[in-house]
Amino acid sequence: MWLRLLALLLAGLLTGTGAALVLDRPAGSSSAAEPSSSVASPSGVEPGPSPSATSRSTAPSASALAVAPTGQAPAATASAVTGSPVAPSPSVSSTATPAPAATSPAAPSPTPGTSPSAVAALDQQALAGEATARARLRIRLARVVRRHGRRDDAAVAVLDDRGQPLYQRESARQVVPASTQKLLVAGAALAVLGEDHRYVTTVRATARPRDGVLRGDLVLVGGGDPVLASPEFARAEPDRPRTPVARLAARVRAAGIRRVTGRVIGDPRVLGAQPLAQGWLPRYVDNLDATRVSGLTVDGGRRLFRRAGVLRGEAARSPARRAAAVLTVQLRDHGVRVAGGPRASRRPPATPAEVARVRSPRLAVLLATMVRDSDNGIADTVHRSLGAAAGDPTWSGSAVAVERALAPLALDWTGVVMADGSGLSRSNRVTAGFLVRLQERMWSSNLGPRWRSLLAVSGRRGTLRGRLVGTVAEGRLYGKTGSLRDVRSFVGTVTGPRGDVTLAVVGNGLTSAGMERVRELTDRLAVVAAEEVLGCRRVRRSAVAPERRRHGEDSPVRRRVRVRLVCDAA
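Anyway, here's the lowdown on the structure attached to this text. (Residues numbered from 1 in each chain as written. Predicted model: local features only at pLDDT ≥ 70, side-chain atom pairs only at ≥ 80, totals over all residues. Heavy atoms only, no water.)

1. What to know about the packing of helix α5 (residues 245–254) against helix α7 (residues 319–333)
Move 1: Remark: α5 packs on α7, axes separated minimally by 9 Å, with the N-to-C direction vectors making an angle of 50°. Between α5 and α7, the interaxial angle falls into the category oblique. Between α5 and α7 lies a crossing whose hand is right-handed. Counted together, Val245, Ala246, Leu248, Ala249 and Val252 of α5 and Val326, Leu327, Gln330 and Leu331 of α7 form the full contact between these two elements.
Move 2: Here the contact of α5 with α7 is built from residues that sort into eight nonpolar, one polar and no charged. (Axes fitted to C-alpha atoms, helices over the stretch in contact; angles between N-to-C directions. Helix = DSSP H or I, 4+ residues; strand = E, 2+ residues; numbered from the N terminus. Parallel < 35°, antiparallel > 145°, perpendicular 65-115°, else oblique. Left-handed = near helix turned anticlockwise from the far one by under 90°. Contact = heavy atoms within 4.5 Å. Nonpolar A, V, L, I, M, F, W, Y, C, P; charged D, E, K, R; others polar.)

Printed below as a string of structure tokens:
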């Protein structure tokens, strides 16, 4: 209730400002200059607002990503991803009224609470109530950490909805983030490429076909699409978004081609020739935790085959050649004969004619799968496409592109190492303080509504579907989990009518028991935060009931005490 009173009292002061394009930071924080509005895009990457490749301090256009001042929702901008404008709120004011005539009814008395002294009193009460609630929450959070986590288990950082720390333990320690690293890629991709971006894959010909015959080769030009899929893969992974290769084959035939005297050549040049990231263990590729990253990839970088009637997969040694092979098969299935076998080349022959093209699903759809279901292949390919959009399609160039894209958030990148986009690399380094700030500022930015839609939700969807079911935090915790053999991490926000609480928990070097402690610690912190934002309290009720009779005599009565959780909001 005290938060609602404070919000009503301050509404008149907080409306009408251009919040979406302003980052309210302490004096001395750096501000980034706007780059030009258009950047030449590599082949296959559709143009969108992207940073310059020459300066690490250059930020994307302010309309792409902005943070509202603390405590204030973002206002509307010309950006398509910005929310609706904040409607002006009526402020308390006094209006001069003509003196009534003698026969007129008496003028109404002022509404209680509108005088300056009354407003000041209410303001003081609200501030005092807020301070009390914050102190109570801090005590509860510290108690949970002491009870459910050892000091060497995890780094912890918790913020309120104003970005103020509620609890911190080793929040500046460098840790391996695991899949919470994907949040950096998601935020940068939304800011640079935009939620409506689509990857484009084309088929081009080395000569113009005549009478249904192409005397030459078809070149399959990759655009960095991470979800190109064969029909077999689509059946095996029906929930994963996909760009059907069969659609390309159908369009080649629709273009009038019936026979190709040459072959299909895969062209992956949109991304640099760096298939593996620093810090990937060899078993990642063997176990299909990761596959080789390429500008032309099909079936998530896998080679599919059948053994004893069962569809199996392994990491493709040349994803571009594999993609060319899949298209060759699909062309033949669509009645287009191809004479030669597939191959890949980073120096394909000149192709004067475009024959067909396909576009991926919207980037928002890809990012939702990447974050909610923790898809490594999508994460690493999108990460590298950010580097391509900035002019440096390498792992290191992509890391620089991510930092530039997130510059409006004014994060402290000290000690952050971004070796890949998926979080698989053991070379990645972040801090719990960095992750919690990233989440809190993306949540409150002009991209906030889209950001929320990407995250897993407790008891509802994604990797949090089975977590916190039946608790007050069910359906109220939005976030991203991370897991490696000895790492457990989480970043997310608990939301409710009394505000939001953002938390980050990262444990490294864990044993199996330590992993369970970190999971329990995360869940308990989320429940405590949910109880606070919902205004929950424990009500004790006692009842007197006689014991069972023993040996024919009445035994003394006993008192039963039951505790029930009562919340102001459902």
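2. Comments concerning unusual backbone geometry
Move 1: One non-glycine residue, aspartate 299, adopts positive backbone phi at about 55°.
Move 2: By secondary structure assignment, the location of aspartate 299 is in the loop between α6 (282–286) and β10 (302–307).
Move 3: In this structure, alanine 410 is a non-glycine residue whose phi angle is positive, near 55°.
Move 4: Tracing the backbone shows alanine 410 in the loop between α10 (395–405) and α11 (432–443).
Move 5: Of the residues examined, alanine 410 reaches a relative accessible area of 28% and is grouped as partly exposed. (Buried < 20%, exposed > 50% of the residue type's maximum accessible area, 1.4 Å probe, protein only.)

3. Re the sheet that holds strand β15 (residues 456–457)
Move 1: Taking strand neighbours across the sheet as the criterion, the six strands line up as β2-β1-β18-β17-β16-β15 in an open arrangement whose pairing is antiparallel. Single-partner strands in this sheet number two, and they are β2 (165–169) and β15.
Move 2: Contacts between helix α13 (residues 512–533) and the sheet are confined to β1 (155–159), β16 (477–484), β17 (487–496) and β18 (499–507), with β18 contributing the most and set at about 170° to the helix. (Pairing = 2+ DSSP bridges.)

4. As for the pairing of β10
Move 1: Looking at chain direction, β10 and strand β11 (residues 310–315) are connected through six bridges and run antiparallel. Residue pairing in the sheet places arginine 302 in a bridge with alanine 315 of β11.
Move 2: Here β10 folds back onto β11, and the loop between the two strands holds two residues, one of which, alanine 308, carries a positive phi near 55°.

5. Quick notes on the side chain of aspartate 217
Move 1: Position of aspartate 217 relative to the elements: it lies in the loop between β4 (213–214) and β5 (218–221).
Move 2: We note that aspartate 217 is buried and unpaired, the nearest opposite charge coming from arginine 263 at a distance of 5.0 Å.
Move 3: At 2.9 Å, the side chain of aspartate 217 forms a polar contact with the backbone nitrogen of arginine 263. (Lys, Arg positive; Asp, Glu negative; His and termini not counted. Salt bridge = Lys/Arg side-chain N within 4 Å of Asp/Glu carboxyl O. Polar contact = N/O pair within 3.5 Å; in protein donor to acceptor, adjacent residues only side chain to side chain.)

6. Comments concerning the pattern of salt bridges
Move 1: Within this structure, the stated rule accounts for 16 salt bridges.
Move 2: Among the salt bridges present, the one from aspartate 160 reaches arginine 134, with a minimum N-O distance of 2.1 Å. Of this pair, aspartate 160 sits in the loop between β1 and β2 while arginine 134 sits in helix α2 (residues 116–148), and the two are 26 residues apart along the sequence.
Move 3: Here aspartate 160 falls in the buried class, since its relative accessible area comes to 8%.
Move 4: The partner of aspartate 196 in a salt bridge is arginine 362, with the nearest N and O atoms 2.8 Å apart. Remark: arginine 362 occurs in the loop between β14 (353–359) and α8 (363–372) and aspartate 196 occurs in the loop between α3 (182–192) and β3 (200–205); sequence separation between them is 166 residues.
Move 5: Residue classification places arginine 362 among the partly exposed positions, given a relative accessible area of 25%.
Move 6: Beyond isolated ion pairs, a larger network of salt bridges with shared partners links Glu195, Asp196, Arg362 and Arg450.

7. Some points on the nonpolar core
Move 1: By size, the foremost hydrophobic cluster in this structure holds 54 residues, and its most contacted members are Leu386, Leu406 and Trp451.
Move 2: For this core, the elements supplying multiple residues, two or more each, are β1, α3, α8, α9 (376–389), α10, α11, α12 (448–454) and β18.
Move 3: Considering every element that reaches this core, the biggest residue donor is α3, with nine residues.
Move 4: Setting aside chain neighbours within four positions, we find leucine 386 in contact with Val185, Ala188, Ala189, Val192, Leu193, Ala401 and Val402.
Move 5: Leu137, Tyr167, Leu468 and Val527 belong to the second-largest nonpolar core, a separate cluster that totals 33 residues. (Core = buried A, V, L, I, M, F, W, Y, C linked by side-chain atoms within 4.5 Å.)

8. Some remarks on α8
Move 1: Across the ten residues of α8, eight count as buried, placing the element largely inside the fold.
Move 2: For α8, the full list of buried residues reads Leu363, Ala364, Leu366, Leu367, Ala368, Thr369, Met370 and Val371.
Move 3: Residues of α8 that are buried make contact with α3, α9, α12 and β16.
Move 4: Backbone geometry just downstream of α8 places serine 374 in the positive-phi region, at approximately 60°.

9. Thoughts on the sheet that holds β4
Move 1: Strand order across the open sheet formed by three strands is β4-β8-β12, with parallel pairing between neighbours. The outermost strands of the open sheet, each flanked by one partner alone, are β4 and β12 (337–338).
Move 2: In the sheet, β4 pairs with strand β8 (residues 259–260) via two bridges, with the strands oriented parallel. Across the sheet, leucine 214 pairs through a bridge with valine 260, a residue of β8.

10. Considerations on the packing of aromatic side chains
Ring pairs (aromatic) are described by centroid distance and by the angle formed between their planes.
Move 1: As enumerated under the stated definition, the model contains three aromatic pairs in all.
Move 2: Aromatic pair tryptophan 413 and phenylalanine 434: ring centres 4.9 Å apart, planes at 65°, arrangement edge-to-face. A residue pair is termed long-range when its members are at least 10 positions apart, and tryptophan 413 in the loop between α10 and α11 and phenylalanine 434 in helix α11 qualify at 21 residues.
Move 3: For phenylalanine 434, a relative accessible area of 4% gives the class buried.
Move 4: Each ring, one from tryptophan 443 and one from tyrosine 478, has its centre 5.5 Å from the other, and the planes form 70°; the classification is edge-to-face. (Phe/Tyr/Trp six-rings, centres within 6.5 Å; stacked < 30°, edge-to-face > 60°.)

11. Here's the deal with α11
Move 1: Taking 1.5 Å as the rise per residue, α11 with twelve residues should run 16 Å; its terminal C-alpha atoms sit 16 Å apart, in good agreement.
Move 2: Of all twelve residues that make up α11, eleven are buried, and the element is covered over most of its length.
Move 3: Those residues of α11 not exposed but buried are Ala432, Gly433, Phe434, Leu435, Val436, Leu438, Gln439, Glu440, Arg441, Met442 and Trp443.
Move 4: Lining the buried residues of α11 we find β1, α3, α12, β16, β17 and β18. (Expected span 1.5 Å × (residues − 1).)

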